[in-house]
Amino acid sequence: EAQVTQNPRYLITVTGKKLTVTCSQNMNHEYMSWYRQDPGLGLRQIYYSMNVEVTDKGDVPEGYKVSRKEKRNFPLILESPSPNQTSLYFCASSPRTGSSGNTIYFGEGSWLTVV
Amino acid sequence: GESVGLHLPTLSVQEGDNSIINCAYSNSASDYFIWYKQESGKGPQFIIDIRSNMDKRQGQRVTVLLNKTVKHLSLQIAATQPGDSAVYFCAEIWGGGFKTIFGAGTRLFVKA
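Residues numbered from 1 in each chain as written. Chains lettered and ligands numbered in written order. Predicted model: local features only at pLDDT ≥ 70, side-chain atom pairs only at ≥ 80, totals over all residues. Heavy atoms only, no water.

### Remarks on the interface of chain B and chain A
The criterion, for reference: Contacts between residues were defined by any pair of non-hydrogen atoms, one from each residue, lying within 4.5 Å. Salt bridge, as applied in this entry: a Lys or Arg side-chain nitrogen positioned within 4 Å of an Asp or Glu carboxyl oxygen. N or O atoms closer than or at 3.5 Å make up a polar contact, with two conditions inside protein: a donor-capable atom paired with an acceptor-capable one, and, for residues adjacent in sequence, both atoms drawn from side chains. Secondary structure elements follow DSSP: runs of H or I no shorter than four residues count as helices, runs of E no shorter than two count as strands, and numbering proceeds from the N terminus. Note that Gly is not counted as nonpolar here; it falls among the polar residues with everything else outside the nonpolar set of Ala, Val, Leu, Ile, Met, Phe, Trp, Tyr, Cys and Pro and the charged set of Asp, Glu, Lys and Arg.
Tallying the contact residues gives 25 residues for chain B and 25 residues for chain A. Summed over the shared surface of chain B and chain A, the number is 0 salt bridges. Taken together, the connections running from chain B to chain A amount to 3 residue pairs in polar contact (both at pLDDT 80 or more). Those elements giving two or more residues to the side of chain B that touches chain A turn out to be strand S3 (32-38), strand S4 (45-51), strand S8 (86-94) and strand S9 (99-102) of chain B. Considering only residue class, the side of chain B that touches chain A consists of 12 nonpolar, 8 polar and 5 charged.

Given below as structure tokens:
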């Protein structure tokens, strides 16, 4: 089954304690991306990756880091989380090729609360 | 989980009626546009897309219309069903297909 898997799904953490949200896809997609979703603001792109070792900033990259060492994984790193990073986070992947290239597959989301 | 759409525009339709959800976009350089459906507690789900050089595209029970003159996108759902109740987002894709801007979303309620 085609899947984008995120972990953890729910996390409460404290300000300043580094955390990583993992994302893995089993569709051999080149493109992966992270979004945050906040009430009234919709989904906003944090970072994206066009392929292994190729990443770029989205609209709201501040306070986040990413890495793409292998095709299937795209972890989101919060080096020093702050309360304004409390949000619902989604990882997504897409083939970006061929007739199905526009389809983006989303994970189930990770609820993060920073206190 | 808590709602992420507390202040969304809302559309309420009767089961069996057609629904039209609208979206205004901002970037005239967008390459294509996508409509997503998001049910409570789940990630967005791809519905249909349309390239910027098209005006209309039809899928199963859904039609997307693109008016580039006024930067407007609409999603039409035929014979709306209770299972269509969700939040619907439009998204514009630009930057060579790598950057995405989402609309705030519209909540669709389908009354049985």
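Here the narrative resumes.
### What to know about the environment of Ser19(B)
Residues and elements named next belong to chain B. If you trace the backbone, Ser-19 turns up in strand S2 (residues 19-24). If we ignore the near neighbours within four places in the chain, the residues touching Ser-19 are Leu-11, Val-13, Leu-75, Gln-76, Ile-77, Thr-80 and Leu-108. There is a polar contact of 2.7 Å between the side chain of Ser-19 and the side chain of Thr-80.

### Points about the packing of aromatic side chains
This is how the line gets drawn: Under the pairing criterion, centres of Phe, Tyr and Trp rings, with the six-membered ring standing for Trp, must be within 6.5 Å; the plane angle then separates stacked pairs below 30 degrees from edge-to-face pairs above 60, leaving the rest tilted. To sort residues, take the accessible area from a 1.4 Å probe on protein chains only and compare it with the maximum for the residue type: under 20% means buried, over 50% means exposed, and anything in between is partly exposed.
Considering all chains together, one arrives at 11 aromatic pairs over all chains under this definition. Consider the rings of Tyr35(A) and Phe102(B), whose centres lie 5.3 Å apart with planes at 90°: the pair is edge-to-face. Of this pair, Tyr35(A) sits in strand S4 (residues 31-38) while Phe102(B) sits in strand S9, each in a different chain. Judged by relative accessible area, which is 0%, Tyr35(A) ranks as buried. Given the relative accessible area of 8%, Phe102(B) is considered buried.

### What to know about the pairing of strand S6 (residues 54-57) of chain A
Test applied: Two strands pair under a simple rule: DSSP has to find at least two bridges between them.
The sheet contact formed by strand S5 (residues 42-51) of chain A and S6(A) spans 4 bridges and is antiparallel. Residue pairing in the sheet places Ser49(A) in a bridge with Thr55(A) of S6(A).

### Overview of the sheet that holds strand S5 (residues 56-58) of chain B
Residues and elements named next belong to chain B. Under the convention used in this document: All axes are obtained by fitting lines to C-alpha atoms, using only the stretch in contact for helices, and the reported angles, taken between N-to-C directions, cover 0 to 180 degrees.
Pairing in this open sheet of 4 strands is antiparallel, and the strands run S2-S7-S6-S5 from one edge to the other. The sheet is open, and its two edges are formed by S2 and S5, each paired on a single side. Mean inter-strand twist for the sheet, computed between neighbouring axes without regard to direction, equals 15°. Relative to strand S7 (residues 72-77), S2 is paired through 6 bridges, and the arrangement is antiparallel. Directly across from Cys-23, in S7, lies its bridge partner Leu-73.

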